[in-house]
Amino acid sequence: EATSCNKGVGIVKLMGRDAGFVVMCASLGSDQVDLVLIPEVDVKLEDILAHVDSVIDRQGHMVIAVAEGAGQSFVATGEKDATGHTIYGD
């Protein structure tokens, strides 16, 4: 889908609440993924945006693979579910 429009960005969210193993393995098996976000690595929003701009300028589109627990510093709810697990924001 990202390749179907000019400056398209496809975002694929995969399981990986607290670990990016699944999304990393899936990305290694694909030649379409340009950026991988995993919960083990804190990132700065400015760095993500700079990379997105760079890739789009170079190839006109991009795909981002995101593990479900990644980027919680931007969307954290601060809440817990009935079992005591953190409720992640999206």
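Parameters at a glance
Residues numbered from 1 in each chain as written. Predicted model: local features only at pLDDT ≥ 70, side-chain atom pairs only at ≥ 80, totals over all residues. Heavy atoms only, no water. Buried < 20%, exposed > 50% of the residue type's maximum accessible area, 1.4 Å probe, protein only. Helix = DSSP H or I, 4+ residues; strand = E, 2+ residues; numbered from the N terminus. Pairing = 2+ DSSP bridges. Right-handed = clockwise from strand over helix to strand, strands pointing away. Core = buried A, V, L, I, M, F, W, Y, C linked by side-chain atoms within 4.5 Å. Contact = heavy atoms within 4.5 Å. Patch = residues over 30% accessible without salt bridge, like charges linked within 9 Å, V, L, I, M, F, W, Y side chains within 5 Å. Areas by Shrake-Rupley, 256 points an atom, 1.4 Å probe, with all protein chains shown as cover. Salt bridge = Lys/Arg side-chain N within 4 Å of Asp/Glu carboxyl O. pLDDT = per-residue confidence, 0-100.

## Topic: the pairing of strand 3 (residues 61-67)
Here is step 1 of the chain: Within strand 3, 6 of the 7 residues are buried, which leaves it mostly tucked inside the rest of the structure.
Here is step 2 of the chain: Judged from the 7 bridges that link them, strand 1 (residues 8-14) and strand 3 form a sheet pairing that is parallel. Its bridge partner lying in strand 3, Val 9 is registered against Met 62.
Here is step 3 of the chain: Taken together, strand 2 (residues 35-37), helix 2 (residues 45-59) and strand 3 constitute a β-α-β crossover, and its handedness is right-handed.

## Description of unusual backbone geometry
Glycine aside, residues mostly have negative phi angles, and peptide bonds mostly take the trans form.
Here is step 1 of the chain: Phi is positive for Lys 7, which is not a glycine, with a value near 60°.
Here is step 2 of the chain: In this fold, Lys 7 is placed in the segment before strand 1.
Here is step 3 of the chain: For Lys 7, a relative accessible area of 56% gives the class exposed.

## Concerning the nonpolar core
Here is step 1 of the chain: Counting residues in hydrophobic clusters, the biggest one holds 10 residues: Leu 35, Leu 37, Ile 48, Val 52, Val 55, Ile 56, Met 62, Ile 64, Val 66 and Ala 70.
Here is step 2 of the chain: Residue contributions to this core peak at 4 residues, all from helix 2.
Here is step 3 of the chain: Apart from residues lying up to four places away in sequence, Ile 56 is in contact with Lys 7, Val 9, His 61 and Met 62.

## So, a nonpolar patch on the surface
Here is step 1 of the chain: Taken together, Val 41, Val 43, Leu 45, Leu 49, Phe 74 and Val 75 make up a surface patch of nonpolar side chains, about 460 Å² in accessible area.
Here is step 2 of the chain: Listing elements by their share of the nonpolar patch, those giving two or more residues are helix 2 and helix 3 (72-75).
Here is step 3 of the chain: With respect to the element layout, Val 75 can be found in helix 3.

## So, the confidence of the model for the protein
Here is step 1 of the chain: The predicted model of the protein averages 91 in pLDDT, with 100% of residues at 70 or higher.
Here is step 2 of the chain: Within the protein, strand 2 carries the highest mean pLDDT (97), whereas helix 3 carries the lowest (87).

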